[in-house]
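# A structural walkthrough
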Amino acid sequence: MLQGDTAQPSSRSDASSEAVSTVVLAAGEGTRMRSATPKVLHRLAGRPLVEHAVRAAAGLDPDSLVVVLGHGRDAVAEHLTGLADALDRPVVTAVQEEQLGTGHAVSCGLSGLPTGLTGTVLVSYGDVPLLDSEALRALLAEHREAGNAVTVLTAVVDEPTGYGRMLRDADGRVTGIVEQKDATPEQAAITEINSGVYAFDAAVLTDALKRLSTDNAQGELYLTDVLSIARGDGRPVGALVCSDPWLVEGVNDRVQLARLGAELNRRLLLRWMRAGVTITDPNSVWLDADVELDRDVLLEPGVQLRGGTKVGEGAVVGPDTTLTGCVIHPGASVVRTHGEGAEIGPDAKVGPFAFLRPGTRLGTKGKIGTFVETKNAAIGDGTKVPHLSYVGDATIGERSNIGAATVFVNYDGVAKHHTVIGSHARTGADNMFVAPVEIGDGAYTAAGSVITQDVPPGAMAVARGKQRNIEGWVAKRRPGTAADQAAQQALSKEPTTNPTNDAQ
């Protein structure tokens, strides 16, 4: 049985030494997506469709891996360049200038493979995101063990509309594939469908592609006709029925994109729960494929983890939290927070309603509290920024406390500047630190201060104007208002001032 969980890449050390080449077809326009973005660059679980396909093929450690490009080729090729670096293996691209059918696309793909091609050629598609290395490995094994010239991956589905139908003789042997537009009513009723994923003997494929015809409803070169050609030449043709139809379902429009996205997310959640992660409400939690979670992590409702986010053992994330490319260390808690490119230290606490921007680093047992925004800020062990503050372009030492409503004024209209606050410092509420400025270890700053000069260690900085009260201002400037009436009533209740004291 082909399992649905994503298989990890492995080498071919346990398989035949016969050469394996893979061709991923990704040239289609995808008009039903109604998008300026090439179809194969639409994302599921944080990865473009084509990346899912290439990773599945790369998991076989093939001798060659070719992706056939067409529409949006430059954008797709750019992504594949970065993917090849991430996989640490070559990913060759070939171009199908005109979309003349799947047979023509594979011919274009073969142009990117070494001359004198031998062994097995695996063909898959760039819009079948749940197909994994394990399924391809099973197809390759069946192809070799049966000694087939062609082996096709098939599935039995309740609704086969849109797919090619598998044709078999009375003994169940594969005789060919008929496309939907060319099928008779009897053939259209067949529920075993062609996934479009094949294993070919390289020599048979190379020969058959030269003999394809456009004599069909679409006037295209069908790759499916290779099966009939091989069988007509007396070559064995077989099929492997995939017991999990989700693995071979393709994306043609946004409805299918959402449907497959939900299924892939379900499988990712299932994988992590079985690995020791508690997910309170799986219906409201979404994970990217490259997220990493340790055991005893708790994900509360409304959590989205993206872009390679890593969460350490025993950490709690959520509810209502979105993290992209963040590292959450063991024992930390991140509640109702939006974060990107941040690192939260062990046993630290964040939120609720915090905004962590790139470059945020919170130390062990530190705190970023309610309505706090941070950016490019290193906040030391045990330091607290409890509430209503902006900390940008700053370094704060250990066990300091930043008062409420503090703003690190880092931008002068042209350039950004840095603020340094030492360890064990205590800053007052409603402070403004106008960078560049440095507050020494153990220093204090008074509430309401605008700090524009360095504060020495252990000093108290007071930077605010002297208060003065203008008696009778409301009666003079706002006569008859509710404020004036309230003031007059309050004044009438005050005891009469002692003239003797006034005179002193």
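Residues numbered from 1 in each chain as written. Predicted model: local features only at pLDDT ≥ 70, side-chain atom pairs only at ≥ 80, totals over all residues. Heavy atoms only, no water.

Looking at an unreviewed UniProt entry, one finds the protein chain named Bifunctional protein GlmU, with Saccharopolyspora shandongensis as its source organism. On record in UniProt, under Subunit (unreviewed entry), the comment for the protein chain is "Homotrimer." The Subcellular location (unreviewed entry) field of the UniProt record for the protein chain holds the comment "Cytoplasm". (UniProt positions renumbered as here; feature names shortened; annotations may be inferred.)

### So, helix H3 (residues 102-110)
Across the nine residues that make up H3, a large majority, seven, are buried. Among the residues making up H3, those that are buried are Gly103, His104, Ala105, Val106, Cys108, Gly109 and Leu110. The secondary structure elements touched by the buried residues of H3 are strand S1 (20-26), strand S4 (64-69), strand S5 (92-95), strand S6 (120-125) and helix H6 (202-209). (Buried < 20%, exposed > 50% of the residue type's maximum accessible area, 1.4 Å probe, protein only. Helix = DSSP H or I, 4+ residues; strand = E, 2+ residues; numbered from the N terminus. Contact = heavy atoms within 4.5 Å.)

### Here's the deal with the packing of helix H1 (residues 49-58) against helix H2 (residues 73-87)
Running from amino to carboxyl end, H1 crosses H2 at an angle of 35°, the nearest separation of the two axes being 11 Å. Handedness of the crossing formed by H1 with H2: right-handed. Within the contact between the two elements, H1 uses Val50, Glu51, Val54, Arg55 and Ala58 and H2 uses Val76, His79, Leu80, Leu83 and Leu87. Split into classes, the residues belonging to the contact of H1 with H2 amount to seven nonpolar, one polar and two charged. (Axes fitted to C-alpha atoms, helices over the stretch in contact; angles between N-to-C directions. Left-handed = near helix turned anticlockwise from the far one by under 90°. Nonpolar A, V, L, I, M, F, W, Y, C, P; charged D, E, K, R; others polar.)

### A few points about the side chain of Glu192
With respect to the helices and strands, the residue Glu192 is situated in strand S10 (residues 192-201). With a relative accessible area of 11%, Glu192 lands in the buried category. Among all residues touching Glu192, those that are not within four sequence positions of it are Thr154, Ala155, Val156, Gly164, Arg165, Met166, Arg168 and Val241.

### Here's the deal with the pairing of strand S11 (residues 237-241)
Across the five residues that make up S11, a large majority, four, are buried. Note: strand S7 (residues 150-156) against S11, five bridges, orientation parallel. Across the sheet, Thr154 pairs through a bridge with Val241, a residue of S11. (Pairing = 2+ DSSP bridges.)

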